[in-house]
Amino acid sequence: MSLFKIFIAAFLIDNVVLMRFLALCPFIGMSTDEDKSIGMGLAVTFVTVLATAVTWPIYRFVLSRDGIFASLGGLEFLQILVFILVIASLVQLVEFFLKKMIPGLYQSMGIYLALITTNCAILAVTFDVWSKGYNYLESLVYAAGVALGFLLSLLLMAGIRGRIKTSPVPSFLKGTPILFVTAALLSMAFMGFGGLVK
């Protein structure tokens, strides 16, 4: 599969939020405006791509049955622990950077910045690259596609939420219910990308 097809599949067809329903907490929490969405999307992109870049060789050369501990039968059982440790370390790096360089964005992200550590989409990417049999470069392209797909879904929702504020929404749908209806409609729209890549 070409790198372009891998990217498009991760970005649109298997969009991590709208088609796989992962990372819904930051999707709803950080899509209140475009600035927050871009900040969260870029932070997640950085962590996702870097986590994949670090965890792929760790799994291939250390944890797998073919790794340096092959005589022990591999250390695959440590995969979740090691991957979460890597992701948490990268999130701390992002947090330090934002606190020092962009304090306004750091303040606006609040608890959602720390929640990147438990963002199941990032952990899913680190597992997906092995289940899909991607090599190192393909894994990085896939990670970038997933992360930018997350950013796209955040921006779409932020734009729609801006319109919802000025729209006559029935009282029983105001607040969270209209957000989930909107997310469901966006998800159905993304189903149209299903045949884009063969």
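If you're wondering where the values come from, they're calculated on a predicted model, not measured in any experiment.

Caption draft 1: Geometry of the overall build of the chain. Helix and strand counts for the chain stand at nine helices and zero strands. Secondary structure of the chain in N-to-C order comes out as α-α-α-α-α-α-α-α-α. The C-alpha atoms of the chain give a radius of gyration of 18 Å, which matches the 16 Å a tight globule of 198 residues would have. Projected onto the principal axes, the alpha-carbon positions of the chain cover approximately 65 × 45 × 25 Å. Residue burial in the chain is summarised as follows: out of 198 residues, 45% are buried.

Caption draft 2: Spotlight on a nonpolar patch on the surface. Taken together, the side chains of Phe46, Leu50, Val54 and Leu93 present a nonpolar region at the surface, about 300 Å² in accessible area. Of the residues forming the nonpolar patch, the biggest block, three residues, is contributed by helix 3 (residues 34–63). Mapped onto the elements, leucine 50 comes out in helix 3.

Caption draft 3: Region of interest: the packing of aromatic side chains. On inspection of all chains with the given rule, the structure shows nine aromatic pairs. When the centroid spacing of 5.4 Å and the interplanar angle of 65° are considered together, the rings of tryptophan 56 and tyrosine 136 count as edge-to-face. Of the two residues, tryptophan 56 sits in helix 3 while tyrosine 136 sits in helix 8 (residues 136–165), which places them 80 residues apart along the sequence. For tryptophan 56, a relative accessible area of 11% gives the class buried. On the numbers, 6.5 Å between centres and 70° between planes, the contact of tyrosine 59 with phenylalanine 83 is edge-to-face. One end of the pair, tyrosine 59, is in helix 3; the other, phenylalanine 83, is in helix 4 (residues 79–101), with 24 residues separating them in the sequence. Grouping residues by exposure puts tyrosine 59 and phenylalanine 83 together as buried. One aromatic cluster is present, formed by Trp56, Tyr59, Phe61, Phe83, Phe127, Trp130 and Tyr136 through successive ring pairs.

Caption draft 4: Here's a closer look at helix 7 (residues 120–131). Compared with the 16 Å implied by 1.5 Å per residue over 12 residues, the 16 Å span of helix 7 between its first and last C-alpha is a close match. Check the buried side of helix 7 and you find it contacts helix 3, helix 4 and helix 8. Two residues or fewer past helix 7, glycine 133 is found with a positive phi of approximately 70°.

Caption draft 5: Structural detail: the nonpolar core. Phe27, Met40, Val47, Met109, Ile116, Tyr142 and Phe150 are the most contacted members of the largest nonpolar core, which totals 51 residues. When residues of this core are assigned to their parent elements, the largest contribution, eight residues, is made by helix 3. Apart from residues no more than four positions distant in its own chain, methionine 40 is found in contact with Pro26, Met30, Met109, Tyr112, Leu113, Ile116, Phe150 and Leu154.

Caption draft 6: Here's a closer look at the layout of surface pockets. The volume enclosed by the largest pocket comes to roughly 160 Å³. Surrounding the largest pocket, Ile38, Gly39, Leu42, Ala43, Phe46, Leu93, Val94, Phe97, Leu98 and Leu105 form its lining. Looking at the lining of the largest pocket, the elements with two or more residues in it are helix 3 and helix 4. A total of five residues in the lining of the largest pocket trace back to one element, the largest contributor, which is helix 3. When its residues are assigned to classes, the lining of the largest pocket shows nine nonpolar, one polar and no charged.

Thresholds applied
- Residues numbered from 1 in each chain as written.
- Predicted model: local features only at pLDDT ≥ 70, side-chain atom pairs only at ≥ 80, totals over all residues.
- Heavy atoms only, no water.
- Helix = DSSP H or I, 4+ residues; strand = E, 2+ residues; numbered from the N terminus.
- Rg over C-alpha atoms; globule rule 2.2 N^0.38 Å.
- Buried < 20%, exposed > 50% of the residue type's maximum accessible area, 1.4 Å probe, protein only.
- Patch = residues over 30% accessible without salt bridge, like charges linked within 9 Å, V, L, I, M, F, W, Y side chains within 5 Å.
- Areas by Shrake-Rupley, 256 points an atom, 1.4 Å probe, with all protein chains shown as cover.
- Salt bridge = Lys/Arg side-chain N within 4 Å of Asp/Glu carboxyl O.
- Phe/Tyr/Trp six-rings, centres within 6.5 Å; stacked < 30°, edge-to-face > 60°.
- Expected span 1.5 Å × (residues − 1).
- Contact = heavy atoms within 4.5 Å.
- Core = buried A, V, L, I, M, F, W, Y, C linked by side-chain atoms within 4.5 Å.
- 1 Å grid on protein atoms, 1.4 Å probe; cavity = no way out; pocket = protein on both sides within 12 Å on 5 of 7 lines; lining within 4 Å.
- Points joined across faces, edges and corners; volume = space filled by probe spheres on them.
- Nonpolar A, V, L, I, M, F, W, Y, C, P; charged D, E, K, R; others polar.

Keep in mind these numbers describe shape, not what the thing actually does.
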